[in-house]
Amino acid sequence: MDPFFKKLGDSVYAQWKKQNFDLTLFPETARKALERSNPSHHVDLSELIHEFLISDEQPFQTSSGFGQPELIAYDNPKFYIQLLFWLDGTTDIHQHEFSGAFHVMKGSSIHSHYDFVNARSVTPHFCLGDLKLKNVQILEAGSTVPITSGKSCIHSLFHLETPSVTVVIRTHTDPGTGPQFTYLPHHVALDPVHQDPLTMRRKQLLDVLERTGSPDYGDLVAEMIRELDFERGFFILQNCIGHLGNLGEWDRIWHLFEKRHGSLATPLAPTLREIIRRDALTAMRSTIEDVEHRFFLALLLNIEGRDEILQMIGKKYRGASLFTVNRWASELIQVTDSGSWLLDASFPEELGFEPEDQQQIFLEALSYFLSGEKMPPKFQGLSKAEAFRIVDVLDKSSWKALRPPLPSGKSKTRLSRS
Ligand SMILES: [Fe+2]
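My aim in this report is to walk through the structure given alongside it, one point at a time. Since the structure is predicted, the reported quantities are computational estimates derived from the model, not experimental observations.

Reading the values: the criteria
- Each chain has its residues counted from 1, running along the sequence as written.
- In keeping with the model being predicted, local features are shown solely for residues with a pLDDT of at least 70 and side-chain atom pairs are shown and tallied solely at 80 or more, while totals for entire chains, interfaces and linings include all residues.
- Computation of side-chain values covers all heavy atoms of the structure but excludes hydrogens and water.
- Secondary structure elements are taken from DSSP: a helix is a run of H or I of four residues or more, a strand is a run of E of two residues or more, and numbering for both begins at the N terminus.
- Between N or O atoms, a polar contact is any pair within 3.5 Å; within protein, one atom must be a potential hydrogen donor and the other a potential acceptor, and residues adjacent in sequence are included only when both atoms are from side chains.
- Under the convention used throughout, the expected extent of a helix is 1.5 Å for every residue step, that is, one less than its residue count.
- Partly exposed describes any residue whose relative accessible area lies between the buried limit of under 20% and the exposed limit of over 50%, with all areas from a 1.4 Å probe on protein chains only and scaled to the type maximum.
- The arc refers to the directions leading from the helix axis to the C-beta atoms.
- Residues are treated as being in contact if the distance between any of their heavy atoms lies within 4.5 Å.
- At least two bridges found by DSSP between two strands is the condition for calling them paired.
- Each axis is a line fitted through C-alpha atoms, and for a helix only the stretch in contact is used; angles between axes span 0 to 180 degrees, taken between their N-to-C directions.
- Here the coordinating atoms are restricted to nitrogen, oxygen and sulfur within 2.8 Å of the metal centre, or 3.2 Å for Na, K and Ca, and because water is not among them the sites may look incomplete.
- Just to be clear on terms, a salt bridge is a Lys or Arg side-chain nitrogen sitting within 4 Å of an Asp or Glu carboxyl oxygen.

1. Describing the environment of histidine 255
Moving on, step 1. By the element assignment, histidine 255 lies in helix α8 (residues 250-261).
Moving on, step 2. For the pair formed by histidine 255 and leucine 45, sequence separation is 210 residues and the distance between their alpha carbons is 54 Å.
Moving on, step 3. Only 2.9 Å separates the side chain of histidine 255 from the backbone oxygen of aspartate 251, close enough to count as a polar contact.

Written out as C-alpha cells, the structure is:
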C-alpha cells in the first residue's frame, strides 16, 4: 500500500470517527483531507505505479469496470480511496449511491452539474423529466470537489489530458440513495445496473442482422415496436436508430412508437437525436489527442449556449474566441472516403466539388456561420440554394450551438442566404 494514501486514509478515519461516522459530514471531511494533503503536489505517479506493480501488499481490489483502470489505494469497512485513470473516458451524466470527495491529481477536466426536474417514473428503473445544466467549470490539477449521494449531485466529467488521474475518497454505499441513475439529455433517467438479459440478447441479435445485411431488419424492428412496452421499446430504438436511419426506415419506426405510446413518447425524440450527436462526438474523442481540440469537444458536448462556450474558451486561451474556433476548425477538418467532415457536419456531396475545394468552401462557410455576417452574393460561385445547403448542414450539427442568435423577425434562411 502506498504510504501517502495509508496516511491519508488513516487521518480521514480518525476524523470521521470523532464525528461518530455521521454520513452528512463525510463529504466535507473527505474534501478537507484531500485539500490538506494535496495528492496532485505530493504523489509521485511513476513511483506509485511501480509500487503497485511490484509489491503484493495492496488493499483489496475490485473488478469494477469504472475507470481505465480503477486502483484501490486504501480500504476500510467504512470507506475507501480509489485512483481512477482516464485514457479517453468521458463519464456519463450520473448521480451517486455514495458520498465523499474527488481530487484531480493529474490532468484537468470539464465538470458539469445538472438538475433533473419534473421527474416522473415510468418504472422504478426508468424516469422521464427535464435535465437542466446548472453550471460548468474547468477543474485544474489540485481541484477538489465534494460528492453527495442522491439526485442533489448530478454531474459529468470530461477529462482533457491523457491520462487524467482522479483520487476519490468515498463510502461504499449510502442506504436509500439508489438507484445510481444515468441521465440521457434531455429527458431520460435510467438505472444502469438494472439488467434485462432478454432485451440485451435481442439487441445483440439485431446487431447480427445489421452486420449481415438482413433484408428483414426494418420489418422485424417494426413488429417489436408494435409489441413492446415503453421502456424496452426505447432500448430497441436506442440500439437501432443509427442503422434504421441508414436504411431510411427511421421515420416509419418512430411513428409506430408514437402511435403505440402517445404523448409519453414525445420527450424521447429529442433524447434519441441527442444520443446520436453525443455518441459521434464522444467517438471522436478517442481519436483526438490534442488538448485544445478535446477541450472544444467537451464544450460542444456539455454547453448549449454560444456566449457560454465562447466565454469558456476566452477563460482558457488568449485571443478572440471566435478566431480560436475557426483555427480549431481548420485543424479538425477531415477528408475521408465518405467526404469532408467538420466534426459531425458532412459537406454536401451533391454539390459536386473536389475534396480540396470542399475544405476551403466548408471552412469559409463556417466562418460566416459563426460570425453571423451576411455571405456575399455568389459566395464561391454557388447559387443561393447551394450556399444555403451548406449552412443547413452546419445548422443540423454540433456547430449549431455556436450560431449567433437571429435578429427578431428574421428567419434562419433569410439571415444565412442574404
Ligand atoms: Fe461521479
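2. With respect to α8
Moving on, step 1. When the terminal C-alpha atoms of α8 are compared, their 17 Å separation across 12 residues agrees well with the 16 Å that a helix rising 1.5 Å per residue should span.
Moving on, step 2. Among all positions in α8, only Trp250, Ile253, Trp254, Leu256, Phe257 and His261 are buried. Looking straight down α8, one finds its buried side chains confined to an arc of 155 degrees; they lie on one side. Facing away from the buried surface of α8 by more than 90 degrees, the exposed residues are Asp251 and Lys259.
Moving on, step 3. Tucked inside the fold, the buried residues of α8 contact α6 (217-227), α7 (230-247) and α9 (268-285).
Moving on, step 4. One or two positions beyond α8, positive phi appears at glycine 262, with a value near 60 degrees.

3. Examining the sheet that holds strand β10 (residues 182-184)
Moving on, step 1. Strand order in this closed barrel of 6 strands is β3-β8-β5-β6-β11-β10, and the pairing throughout is antiparallel. On average, each strand axis in the sheet is inclined to that of its neighbour by 40 degrees, with strand direction left out of account.
Moving on, step 2. Taken together, the 3 bridges between β10 and strand β11 (residues 188-190) define a ladder with antiparallel strand orientation. Note on β11: the bridge partner recorded for leucine 184 is valine 188.
Moving on, step 3. Sitting on the sheet, helix α10 (residues 291-302) is in contact with β5 (109-123), β6 (126-139) and β8 (150-159), with an inclination near 150 degrees to β8.

4. Let's talk about helix α2 (residues 26-37)
Moving on, step 1. With 12 residues, α2 should reach 16 Å at 1.5 Å per residue; the first-to-last C-alpha distance of 16 Å fits that figure.
Moving on, step 2. Buried within α2 we find Phe26, Pro27, Thr29, Ala30, Arg31, Ala33, Leu34 and Ser37.
Moving on, step 3. Tucked into the core, α2 has its buried residues touching α1 (3-18), α3 (39-42), β2 (79-86), β4 (100-106), β7 (144-147) and β9 (164-171).
Moving on, step 4. Residue asparagine 38 follows α2 closely and has a positive phi angle near 45 degrees.

5. Some remarks on the coordination of the iron ion
Moving on, step 1. At this site the iron ion is bound by His94 (NE2), His96 (NE2) and His155 (NE2), with donor distances of 2.1 Å.
Moving on, step 2. Each donor residue of the iron ion belongs to the same chain, and together they define the spacing H-x1-H-x58-H. Linking histidine 94 in strand β3 (residues 93-96) with histidine 155 in strand β8, this pair joins segments that are 61 residues apart in sequence.
Moving on, step 3. Judged by relative accessible area, which is 12%, histidine 94 ranks as buried.

6. Looking at the pattern of salt bridges
Moving on, step 1. Tallied over the entire structure, the rule returns 15 salt bridges.
Moving on, step 2. For glutamate 35, the salt bridge goes to arginine 31, with nearest N and O atoms at 2.8 Å. In this pair, glutamate 35 and arginine 31 both sit in helix α2, 4 residues apart, roughly one turn of the helix.
Moving on, step 3. Taking the shortest distance from any N to any O, the salt bridge between lysine 316 and glutamate 140 comes out at 3.3 Å. Separated by 176 residues along the polypeptide, lysine 316 in helix α11 (residues 306-316) and glutamate 140 in the loop between β6 and β7 bring together distant segments of the chain.
Moving on, step 4. By relative accessible area, lysine 316 is classed as partly exposed at 23%.
Moving on, step 5. It is possible to trace a salt-bridge network through shared partners that takes in Glu28, Arg31 and Glu35.

7. Concerning the sheet that holds strand β13 (residues 339-342)
Moving on, step 1. Pairing is antiparallel across the open sheet formed by 3 strands, whose spatial order is β12-β13-β14. At either end of the open sheet lies a strand with only one pairing partner, and these are β12 (334-336) and β14 (345-346).
Moving on, step 2. Judged from the 2 bridges that link them, β13 and β14 form a sheet pairing that is antiparallel. The residue of β14 that forms the bridge with leucine 342 is alanine 345.

8. Comments concerning the pairing of β3
Moving on, step 1. Burial of β3 is two-sided: the residues Ile93 and Gln95 facing one way and the residues His94 and His96 facing the other way are all buried.
Moving on, step 2. Here 2 bridges tie β3 to β10, and the two strands are oriented antiparallel to one another. Among the inter-strand pairings, isoleucine 93 is bridged to a residue of β10, identified as tyrosine 183.
Moving on, step 3. In terms of strand pairing, β3 meets β8 through 2 bridges, oriented antiparallel. In the strand pairing of β8, histidine 96 is matched with glycine 150.

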